[in-house]
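Chain residues, written in single-letter form:
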Amino acid sequence: LINLFLKRFPLKIDNAESAFQAYELLKENEYDLILMDIQMPVIDGLEATRHIRNHEDSEKKNYIIACTAHAFIEDIEKSLEAGCNAHIAKPIKKEKMIQLIESFSIPITKQQ
């Protein structure tokens, strides 16, 4: 769904099917933003975020947005404590997602 929201924008988007695949992509590429699904098999998004934070370059921190169906205050706090910069609850609204991305000074402009 998020890919559909963002397909009209000039963005390079990689998708990882697991935390392990995400780790490999991070070794090979630089990203402006990581949208982290919190409910993943084997390693959940909170643990994946902790791993990323423990292994990333201290000068180039990734922005990480937790994407989850859990929207209680406790869930938001867990995301932030794990190292996420923000938390967005599903169902995700396109406008809210774009505003959140732009709040990290990541410009999104429509392709002409």
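Structural notes, computed from the coordinates. (Residues numbered from 1 in each chain as written. Predicted model: local features only at pLDDT ≥ 70, side-chain atom pairs only at ≥ 80, totals over all residues. Heavy atoms only, no water.)

A separate point is the nonpolar core. If you look at the biggest cluster of nonpolar residues, it comprises 16 residues, and the most contacted ones within it are Ile65, Ile88, Ile101 and Phe104. Among the elements of the structure, helix H1 (2-6), strand S2 (63-68), strand S3 (86-89) and helix H5 (94-102) are those that each provide at least two residues to this core. Non-local contacts of Ile65, meaning those with residues more than four positions away in its chain, are made with Leu33, Ile34, Leu35, Met36, Ala86, Ile88, Leu100, Ile101 and Phe104. If you look at the next biggest cluster of nonpolar residues, it comprises 14 residues, including Ala19, Tyr23, Ala66 and Cys84. (Core = buried A, V, L, I, M, F, W, Y, C linked by side-chain atoms within 4.5 Å. Buried < 20%, exposed > 50% of the residue type's maximum accessible area, 1.4 Å probe, protein only. Helix = DSSP H or I, 4+ residues; strand = E, 2+ residues; numbered from the N terminus. Contact = heavy atoms within 4.5 Å.)

This paragraph deals with the pattern of salt bridges. All chains considered together, the criterion is met by six salt bridges. For Arg50, the salt bridge identified is with Glu47, shortest N-O distance 3.2 Å. In this pair, Arg50 and Glu47 both sit in helix H3 (residues 45-55), three residues apart, roughly one turn of the helix. For Arg50, a relative accessible area of 35% corresponds to the partly exposed category. For Glu47, a relative accessible area of 40% puts it in the partly exposed group. One salt bridge connects Glu56 with Lys61, and the closest N-O pair in it is separated by 3.8 Å. By relative accessible area, Lys61 is classed as partly exposed at 45%. Three or more residues are tied together by salt bridges with common partners; here these are Arg53, Glu56 and Lys61. (Salt bridge = Lys/Arg side-chain N within 4 Å of Asp/Glu carboxyl O.)

Our focus in this paragraph is helix H2 (residues 19-28). If you check which residues of H2 are buried, you get Ala19, Ala22, Tyr23 and Leu25. Seen along its axis, H2 keeps its buried residues to an arc of 165°; they face one direction. Exposed and facing more than 90 degrees away from the buried side of H2 are Lys27 and Glu28. Residues of H2 that are buried in the fold lie against H3. (Arc of directions from axis to C-beta.)

Glancing now at the state of the cysteines. Inspection of every chain in the model, using the stated rule, returns zero disulfides. Not part of a disulfide, Cys67 finds its nearest cysteine sulfur in Cys84, a span of 8.7 Å. A relative accessible area of 4% places Cys67 in the buried class. (Disulfide = S-S within 2.5 Å.)

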